[in-house]
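Listed below, chain by chain, are the residues.
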Amino acid sequence: MKIIISGGGTGGHIFPAISIANAVRKSIPDADILFVGAQGKMEMEKVPDAGYEIVGLPVAGFHRQLNLRNIGRNLLFPFKLINSLYKAAAIVRRFKPDVAVGVGGYASGPVVYLAAKKGVPCLVQEQNSFPGITNRILAQRVSKICVAYPNMERFFPKEKILLTGNPVRQTLVSNVTREEAAAKFGLDPNRPVILVIGGSLGARSINNGIRHSLTDLTGGTQLLWQTGAFYYEAIKASLVHESHPDVKAMAFIREMDMAYAVADVVVSRAGASSISELALLGKPAILVPSPNVSEDHQTKNALALQNQGAAIMIPDTKTDTLIKVAQEALADAKRLSALGDNITTFARPNAADDIAREVIALANRK
């Protein structure tokens, strides 16, 4: 069985794609799986690390914020798109897939479009409550659309929709104890912990808000802070200068199962994968939607949870209140418990297996 999985750009696209591939391999160990990503994006590193082959396309997105730099990039957009379509056609022709899967991101468009045009059964996975333009365009050409939120008939043909949820990294589900996790990060297991994760690359506004409100960290509360590599050195220097012994800052946290295990409340962006992980683990969350995403979809994700009492949403312009809001949540045990319970209603732990089953069924149909 030959399967192409295309897309990427962020961890929110890449980790679900890898989870789907792993689930396919669990059922069909000798499945031949080829990933197609965007050159220079993080999938070109993360996918080989997971043990899969990947080919890169020169495709890039269209930048909506107009400045001199982006205008220059946008002028190159049609040329990169045409080049990517030619390369995608060659990949599909050479690999001869039985099924093609798109997970969103720049590279999924050319590959799924060309595969569908050649009669290959296709499936797309939409992680967000408001779909990206690529998946909306592809919806008319694919056989199945796997979604994570209800009421997606507004965007996609109803007969193609499957409510599967988002695949998450199964390595997050472990038997690690709070004591073991606390020891890993040099924290006290008997004191509350706020975990701050701004995404795999970090988040400037969250980092600035946390950095300038550390005096709000009171009552023995500890802060475990993933800053992102770009921001780490400056934050580390300021922590040393100002002396904050209860703050543990790291450029990147690889042991996320341990980070979640020790966290009493999590401050996070509202990307689909982050929300799915929080839901799977039942973690009380304060969500800060990124304003720099297409169609403001993170705000829509966060509102879907906040409206069900499953998370607290803080605007990106109010990040200086994050520690204060987190402290208030920690002080209200009843509310904290309700947040953790309510977010689990959004969890779909079998998402990867359910999607893999549909992928295999489409391949067998061909």
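Residues numbered from 1 in each chain as written. Predicted model: local features only at pLDDT ≥ 70, side-chain atom pairs only at ≥ 80, totals over all residues. Heavy atoms only, no water.

### What about the sheet that holds strand S13 (residues 312-313)?
Turning to step 1, where the next piece is worked out: Across the sheet, six strands lie side by side as S10-S9-S8-S11-S12-S13; this open sheet has parallel pairing. Each of the sheet's edge strands pairs with one partner strand only, and the pair in question is strand S10 (247-250) and S13.
Turning to step 2, where the next piece is worked out: Bridge count between strand S12 (residues 285-287) and S13: two bridges; the pairing is parallel. Counted as the bridge partner of Leu287 is Met313 from S13.
Turning to step 3, where the next piece is worked out: Seen against the sheet, helix H7 (residues 204-211) touches strand S8 (193-197) and strand S9 (222-226) and runs at an angle of roughly 155 degrees to S9. (Pairing = 2+ DSSP bridges. Helix = DSSP H or I, 4+ residues; strand = E, 2+ residues; numbered from the N terminus. Contact = heavy atoms within 4.5 Å. Axes fitted to C-alpha atoms, helices over the stretch in contact; angles between N-to-C directions.)

### With respect to the state of the cysteines
Turning to step 1, where the next piece is worked out: Summed over the entire model, instances satisfying the criterion amount to zero disulfides.
Turning to step 2, where the next piece is worked out: Here Cys122 is not cross-linked by a disulfide; its sulfur's nearest cysteine counterpart is in Cys146, at 13 Å.
Turning to step 3, where the next piece is worked out: What makes Cys122 buried here is its relative accessible area of 1%.
Turning to step 4, where the next piece is worked out: Given the relative accessible area of 0%, Cys146 is considered buried. (Disulfide = S-S within 2.5 Å. Buried < 20%, exposed > 50% of the residue type's maximum accessible area, 1.4 Å probe, protein only.)

### Here we look at the packing of aromatic side chains
Turning to step 1, where the next piece is worked out: Across all of its chains, the model carries three aromatic pairs by this definition.
Turning to step 2, where the next piece is worked out: Their ring planes at 50 degrees and their centres at 5.3 Å tell us that Phe35 and Tyr52 sit as a pair that is tilted. In this pair, Phe35 is assigned in strand S2 (residues 32-38) and Tyr52 in the loop between helix H2 (43-49) and strand S3 (53-57), connecting sequence segments 17 residues apart.
Turning to step 3, where the next piece is worked out: Judged by relative accessible area, Phe35 falls into the buried class, the value being 3%.
Turning to step 4, where the next piece is worked out: For Tyr52, a relative accessible area of 7% corresponds to the buried category.
Turning to step 5, where the next piece is worked out: Taking 5.2 Å as the distance between ring centres and 85 degrees as the angle between the ring planes, the aromatic pair formed by Phe230 and Tyr231 counts as edge-to-face.
Turning to step 6, where the next piece is worked out: By relative accessible area, which is 68% here, Phe230 ends up exposed.
Turning to step 7, where the next piece is worked out: Exposure remark for Tyr231: the relative accessible area of 17% places this residue in the buried category. (Phe/Tyr/Trp six-rings, centres within 6.5 Å; stacked < 30°, edge-to-face > 60°.)

### Digging into the pattern of salt bridges
Turning to step 1, where the next piece is worked out: Counted under the stated rule, the structure contains seven salt bridges.
Turning to step 2, where the next piece is worked out: Residues Lys184 and Glu255 are paired through a salt bridge, measuring 3.4 Å at the closest nitrogen-oxygen approach. Placement of Lys184 in helix H6 (residues 178-185) and of Glu255 in the loop between S10 and helix H9 (256-262) is noted, with a sequence separation of 71 residues between them.
Turning to step 3, where the next piece is worked out: Exposure remark for Lys184: the relative accessible area of 44% places this residue in the partly exposed category.
Turning to step 4, where the next piece is worked out: By relative accessible area, Glu255 is classed as partly exposed at 26%. (Salt bridge = Lys/Arg side-chain N within 4 Å of Asp/Glu carboxyl O.)

### A short note on the layout of surface pockets
Turning to step 1, where the next piece is worked out: One number sums up the size of the second largest pocket: a volume of about 640 Å³.
Turning to step 2, where the next piece is worked out: Along its surface, the second largest pocket is lined by 24 residues, and Phe15, Ile18, Asn22, Arg169 and Thr171 are the ones closest to its centre.
Turning to step 3, where the next piece is worked out: Every element with two or more residues in the lining of the second largest pocket is listed here: helix H1 (11-27), H2, H9 and helix H14 (351-365).
Turning to step 4, where the next piece is worked out: For the lining of the second largest pocket, the element with the most residues is H1, which contributes six residues.
Turning to step 5, where the next piece is worked out: For the lining of the second largest pocket, the class distribution of residues is eleven nonpolar, five polar and eight charged. (1 Å grid on protein atoms, 1.4 Å probe; cavity = no way out; pocket = protein on both sides within 12 Å on 5 of 7 lines; lining within 4 Å. Points joined across faces, edges and corners; volume = space filled by probe spheres on them. Nonpolar A, V, L, I, M, F, W, Y, C, P; charged D, E, K, R; others polar.)

### Quick look at the pairing of S3
Turning to step 1, where the next piece is worked out: With five bridges joining them, S2 and S3 adopt parallel strand pairing. Paired with Gly37 across the two strands is Gly56, which belongs to S3.
Turning to step 2, where the next piece is worked out: The parallel pair S2 and S3, bridged by H2, forms a crossover whose chirality is right-handed. (Right-handed = clockwise from strand over helix to strand, strands pointing away.)

Shape is all these values report; function is a separate question.
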